[in-house]
Amino acid sequence: MSAELHFKPITELSGLLAARKISSVELTRAIVARTRSIDDRVKAFNSFDEGDALAQAEASDHRRAAGQARGALDGIPVGLKDVIAVAGQPLTASSRMLANFVSPYDATVTQRLKQAGAVVWGRLNLDEFAMGSSTENSAFKATCNPWDLTRVPGGSSGGSAASLAAGEAIATLGSDTGGSIRQPAALCGVVGLKPTYGLVSRYGLIAFASSLDQIGPFARTVEDAAIVLGGIAGHDPLDSTSFQTQIPDYRAELAKRPGPWRLGIPKEYFGEGLDPEVAAAVEKAIAFYRSRGCAIKEVSLPHTEYGVGVYYIIATAECSSNLARYDGVRYGHRAKGAADMADLYFRSRAEGFGAEVKRRIILGTYVLSSGYYDAFYLRAQKVRTLIRQDFLNAYREVDAILTPTSPTPAFKQGAKSDPLAMYLCDVYTIGVNLAGLPGLSVPCGFSSGGLPIGLQLIGQPFKEAELLAIAHAYERGHDWHTRHPNL
Amino acid sequence: MSSSTDLNIDHVANLARLALTPEEKERFARQLGEVLHHIEQLRKVDVSGVEPTAHAFPVYNVWSEDVARPGLPVDEALRNAPAQRDHMVVVPKVVE
Amino acid sequence: MKYEAVIGLEVHVQIKTASKMFTRVATGYGQEPNTLTDPVVLALPGVLPVMNKAALDAVIKAGLMLGCELARVCKWDRKNYFYPDSPKNYQISQYDQPICLGGGVEIELPGAARNVMGEHRKVPLTRIHLEEDVGKLNHFAGDSLVDYNRAGTPLMEIVSEPAMHAAEEAFAYLTSLRATMIYGGISDCDMEKGQLRCDANISIRPVGETKLGTKVELKNLNSISFVRDGIAHEIRRQIAVLESGGTIVQETRDYDGQTGASQSLRSKEMAHDYRYFPDPDLMPVKVDDAWRNRLKAECPELPFDKQRRFLADYQVPYTITSVLVWDRALSDYFEEAAKLSGRPQAAANWIVNDLLRELGQAGVALAASRVRPAHIAALVQLIEAGTVLNSAAREIFTEMFATGGMPEAIAEKKGLKAAPTDAGELEQWCRDAIAANAKALAEFKAGKDSAINAFKGPVMKAAKGKANPKLVDETLRRLLAAL
Ligand SMILES: [Mg+2]
Ligand SMILES: [Zn+2]
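Now for a description of the structure that goes with this document. All chains use their own residue numbering, which begins from 1 and follows the written sequence. Chain A is the first chain written and ligand 1 is the first ligand written, with later ones labelled in order. Given that this is a predicted model, residues contribute local features only at a pLDDT of at least 70 and side-chain atom pairs are listed and counted only at 80 or more, while totals for whole chains, interfaces and linings are drawn from all residues. The basis for every side-chain value is the complete set of non-hydrogen atoms in the structure, without hydrogens or water.

Secondary structure summary: chain C contains 15 helices and 18 strands in total. Our radius of gyration looks at C-alpha atoms and nothing else; its globule reference is 2.2 Å times the residue count to the power 0.38. In terms of overall size, chain C is more extended than a compact globule, its C-alpha atoms giving a radius of gyration of 31 Å where 483 residues would be expected to give roughly 23 Å. Over its C-alpha atoms, taken along the principal directions, chain C stretches across nearly 100 × 55 × 50 Å. Each residue gets one of three labels from its accessible area relative to the maximum for its type: buried under 20%, exposed over 50%, partly exposed in between, using a 1.4 Å probe on protein chains only. Each of the 483 residues in chain C was classed as buried or not, and the buried ones make up 54%. Labels follow the DSSP assignment, with helices taken as runs of H or I lasting at least four residues and strands as runs of E lasting at least two, numbered in each case from the N terminus.

What follows is the structure in structure tokens.
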């Protein structure tokens, strides 16, 4: 049975742990073994610390033996995207700049996972500094899609999605600035949730675009996602943008919310560029909800087409400032034999950053530079207001919005060479970040080529419980989540 | 809104402290030209009287009381420093 | 041609808080390098800022004391520039919505003479905003070493209008501003420790010209007198340039207080474009009336207001008030002594002349002085009552200063009290004196009142100088009247 442990959901494993049918050490060993056997092909991990993981697992088993088990996450190996700080572990953002950086502190989500008893496991690959949609922008390696190793897992949290789909973790955390959790979740056939901005602390998350970034869970099932979200959500005094709000028992709420719901279908999300197989899968999902008594309404998000433009102004502007600290002075890559400070800055940053990061720093610096601020940044913030308004208007009529997560299934590695084409992958996910809303991707089928397809559900601010319940209703009517790639 | 043509890569790269090769300059200028061209459609939007969004859910006066807590031990603080001496970070001589 | 200087000052004041502006690690001066840091101070990957409430209180208090208009809402902006003392390579500051606008600093210009009050006027302020300090660079032959202890210390930037015209005014401005900050408990303003730092913008123009000349920024003016000397030097330099047919170039110059010379700073920023934008990591600040009023109530009386009150209520001479009011503790000390003694001038004299001298010589701070306002008051009253004579009082003060004993007791112990213990004895001396001088007696009888003095000498002589003059006078008159 332990051969299959690595594909089981938290809900089942926590039962086995509670019943002492398995130990956390046994489970963690299974995950380590699985990772050792397949990660040279999936390439989801930048690094992992087996000894540290097993020590945490032992501690969990001792707690349980002492009758002090801490709930569903206790003893469960949870993988972390390599932008989330873990004290004493590497923190690289998949960048040459931080190749040798070791974090002296824990992110708040790391603290909370540890308090929940989870086994904090592995450093998962990403597009350098979370800038990308394919995980090809990693300075170390391109992660492969477990369903087709010649294809991308999506990004930027490609390692988090791929490792989970491949059975190298039981759940993982990623970060989502423009779709970086939902899009790879869709492309790898797992559940991915981007919480409302402010629900989960950003303290200890390497910043890409501060006003858009959120940490969220990847999980095998919606119920697992609810469990992990419950473990990491909640106000944090170390994050001034984290919100004071009551955190419900998301898992318990699932049962209390049977629906039916009023679901909005934004016509702007079903236009050109949408793969017909993806469109068909989403249509089926819509039909399913209708069959369960949900009211399906067409809604309009008229400013959708501006999303990508607004996003690439705001996100790059913020990143150009957030990444200024990587200068080779206090930590990180330092160019050899610098003649003076200027030389040290210019060469350390030139050598430490990859092409996509440089491109975005250049764009962000430009849109903030003297004479352009009003035309770009200020204007983008105003259009951002209109995009938020679109959603809030829609929520007068509907409980949630339903769209494809990604216009296409996983594409071939190297297929999208020009940046704009890559940026347009995020067209369906970006609006959610600009509006600060919760968004979730749940598997809703497979392409004829056997590639997973994701359904995106967009909820109302801080109504994750409702959003999870809506996704849960769909998941219980389907068995997509029971399928696994064979590696 | 200004068009891609007046993106002065040298000036911007200088502000960003990035040494770019001639090849990178040429490539970035072209690629960002396309992105800026796409971005230009924002010009079409009427934003008169629209407030900018700085925070999705703004709240005021998020602070903490002035109570000092212990920080990092000096060796932890300098753990990742590329060069250090006398518990300080070494940089090339700064001429003011 | 006659030239007029136009001077504006940019003053940075470190706010006295326990923890830093955007993280709760301790602030401090003179500690071992890099012992006052944490992940936020070092701008490690992933950290976030959290405002320090006390720093906001302090800057609002400063604004209220200086009559600024408080913003209802203010926000935080990032000022982007690369420099090795700046961990994030941006400084969190306030760009277009500073917390305080307008206001002014009252200054006193030098008077006609030392003991004459000079003209007062208000130097208008442009703004005050809150920001964070940077680290410290230590320069060596081959490299520089960075210490981040100072980085992130709450810093207030106080910007004046270009409304001063002489080095003396700048000196008066800083003196007054510094005293105000210390009065408010906002900062100790120790320039040696960099708690108060000043940059000056200086330009000159022909008298009568209304538009400003090219301004030069003068940096590193690290003592109040260096500010005065540096500005005076820069004004002379600019006049010399113009008069020799040259033109002033807009630049930043570094003034060396030791050599009294200045030199141009070239190599600082390559391109000046700070790319300010709102900091997405911090929420805006809203200042409501309740908050404002609570701080308003904590604002102390300003030095010049206090001086006006001392002059009016206590009739203390100007020279003495100008010693008293600049030191909040000293002025409080004086007021207590004045109230206890009911003799403000006398108390002020003892404090400013004797107490300050003794403290100075002994190198003792006022707070540590054994002589408290009650001692001063008691001494003043003893003299007033004639119980001790001025000569004895000096001796008593010295003893008080050394031991902290009360004057009465000291006078007793050292036999410094006037008036003999036995009143009968005094009356006998008086009778003897009258009997011994028939001439004076006759004159007195004839109505020459001053004749009475002739008897006093012998009485004092008999009393070895310890007789209470008032008592002697009374006794003599009583006896004479009876004759
Ligand atoms: Mg300034
Ligand atoms: Zn400043």
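Turning our attention to the overall build of chain B. Helix and strand counts for chain B stand at three helices and three strands. Taking 96 residues into account, the globule formula puts the C-alpha radius of gyration at 12 Å, and chain B, at 23 Å, lies well above it. Considering chain B as a whole, with its 96 residues, one finds that 46% of them fall into the buried category. Here chain B has roughly 4900 Å² of accessible surface; of this, 52% comes from carbon and sulfur atoms. The accessible surface values rely on the Shrake-Rupley method and a 1.4 Å probe; as for residues, cover is taken only from the protein chains in view.

So, on to the sheet that holds strand S10 (residues 136-139) of chain C. Sheets are built from strands paired through backbone hydrogen bonds, the pairs being either parallel or antiparallel. Here, strands pair whenever DSSP counts at least two bridges between them. The strand order S2(B)-S3(B)-S11(C)-S10(C) describes an open sheet built from four strands, whose pairing is antiparallel. Every interior strand has two partners, whereas the edge strands, strand S2 (84-85) of chain B together with S10 of chain C, have only one. Of the pairings in the sheet, the one linking strand S3 (residues 88-92) of chain B to strand S11 (residues 143-147) of chain C comprises four bridges and is antiparallel in character. Bridged to Pro92(B) within S11(C) is Asp143(C).

The next subject is the coordination of the zinc ion (ligand 2). All names here are of chain C. The zinc ion (ligand 2) binds to the protein through His12 (NE2), Glu131 (OE) and Glu157 (OE); the donor distances cover 1.9 to 2.1 Å. Only N, O and S atoms count as donors, using a 2.8 Å cut-off from the metal and 3.2 Å for Na, K and Ca, and because water is excluded some sites may appear unfinished. Linear spacing of the donor residues for the zinc ion (ligand 2) on their chain is H-x118-E-x25-E. A distance of 3.8 Å spans the gap from the zinc ion (ligand 2) to the magnesium ion (ligand 1). Placement of the pair is His12 in strand S1 (residues 3-14) and Glu157 in strand S12 (residues 154-160), with a sequence separation of 145 residues. This pair shows no difference in class: His12 is buried, exactly as Glu157 is.

Before going further, it helps to examine the layout of surface pockets. Put plainly, a pocket is an open set of points on a 1 Å grid over the protein atoms alone with protein on both sides within 12 Å along at least five of seven lines, a cavity is a set where a 1.4 Å probe fits but cannot get out, and a lining residue has an atom within 4 Å of a point. Grid points are joined across faces, edges and corners, and a volume is the space filled by probe spheres set on the points. Size it by volume and the second largest pocket reaches roughly 700 Å³. Taken together, 33 residues make up the lining of the second largest pocket; nearest its centre are Gln381(A), Ala54(B), Lys75(C), Gln97(C) and Pro278(C). Among the secondary structure elements, those contributing two or more residues to the lining of the second largest pocket are helix H13 (374-394) of chain A together with strand S17 (277-278) of chain C. Looking at which element gives the most residues to the lining of the second largest pocket, the answer is H13(A), with five residues. Classification used: nonpolar for Ala, Val, Leu, Ile, Met, Phe, Trp, Tyr, Cys and Pro, charged for Asp, Glu, Lys and Arg, polar for all others including Gly. For the lining of the second largest pocket, the class distribution of residues is 16 nonpolar, nine polar and eight charged.

Residues and elements named next belong to chain A. Within the secondary structure layout, Leu487 lies in the segment after helix H16 (464-476). Overall, the relative accessible area of 27% leaves Leu487 in the partly exposed class. The spacing of Leu487 and Ser160 is 327 residues in sequence and 17 Å in space, taken between C-alpha atoms. Two residues qualify as a contact provided that any one of their heavy atoms is within 4.5 Å of a heavy atom in the partner residue. Beyond its immediate chain neighbours, meaning those up to four positions away, Leu487 contacts Arg34, Ile38, Arg41, Val42, Pro146, Leu149 and Ala166.

Residue and element names in this part refer to chain C. Note on method: axes are straight lines fitted to C-alpha atoms, helices fitted across the in-contact stretch only, with angles between N-to-C directions ranging 0 to 180 degrees. Direction vectors running N to C along helix H7 (residues 328-341) and helix H9 (residues 373-384) enclose 40°, while the axes themselves pass 8 Å from each other. With respect to H9, the axis of H7 lies oblique. In this structure, H7 crosses over H9, and the sense of that crossing is right-handed. Contacts between H7 and H9 involve Tyr333, Glu336, Ala337, Leu340 and Ser341 from the first element and Pro373, Ala374, Ile376, Ala377, Val380 and Gln381 from the second. Tallied by class, the residues present in the contact of H7 with H9 amount to eight nonpolar, two polar and one charged. To sort the angles, those under 35 degrees are grouped as roughly parallel, those over 145 as roughly antiparallel, those from 65 to 115 as roughly perpendicular, and the leftovers as oblique. Handedness of a crossing is defined here by the sense of rotation of the near helix relative to the far one, left-handed for an anticlockwise turn of less than a right angle and right-handed for a clockwise turn.

Let us look at the pairing of strand S14 (residues 216-221) of chain C. All names here are of chain C. With five of its six residues buried, S14 lies for the most part within the structure. Alignment of strand S13 (residues 196-206) against S14, held across four bridges, turns out to be antiparallel. Across the sheet, the residue bridging to Ala200 is Leu218, located in S14. Here S14 runs beside strand S15 (residues 251-256); their pairing, made up of four bridges, is parallel.

Counting from both sides, the interface comprises 65 residues of chain A and, opposite them, 54 residues of chain B. Summed over both partners, the accessible area lost on bringing two parts together, with a 1.4 Å probe, is the buried area. Taking both sides of the interface into account, the surface hidden between chain A and chain B amounts to around 5200 Å²; carbon and sulfur atoms contribute 70%. The largest share of the area that chain A buries against chain B comes from Phe346(A), Ile362(A) and Arg379(A), three residues that together contribute 13% of it. Any carboxyl oxygen of Asp or Glu within 4 Å of a side-chain nitrogen of Lys or Arg constitutes a salt bridge here. Counting every contact that joins chain A to chain B gives two salt bridges. N or O atoms within 3.5 Å of each other form a polar contact, as long as, within protein, one can give a hydrogen and the other can take it, and as long as residues adjacent in sequence are counted only when both atoms are side-chain atoms. Taken together, the links from chain A to chain B amount to 17 residue pairs in polar contact (both at pLDDT 80 or more). Residue assignment for the side of chain A that touches chain B shows that the elements contributing at least two residues are helix H10 (307-322), helix H11 (341-352), helix H12 (355-368), H13 and helix H14 (419-423) of chain A. For the side of chain A that touches chain B, a count of residues per class yields 38 nonpolar, 15 polar and twelve charged.

This is a description of form; function is not addressed.
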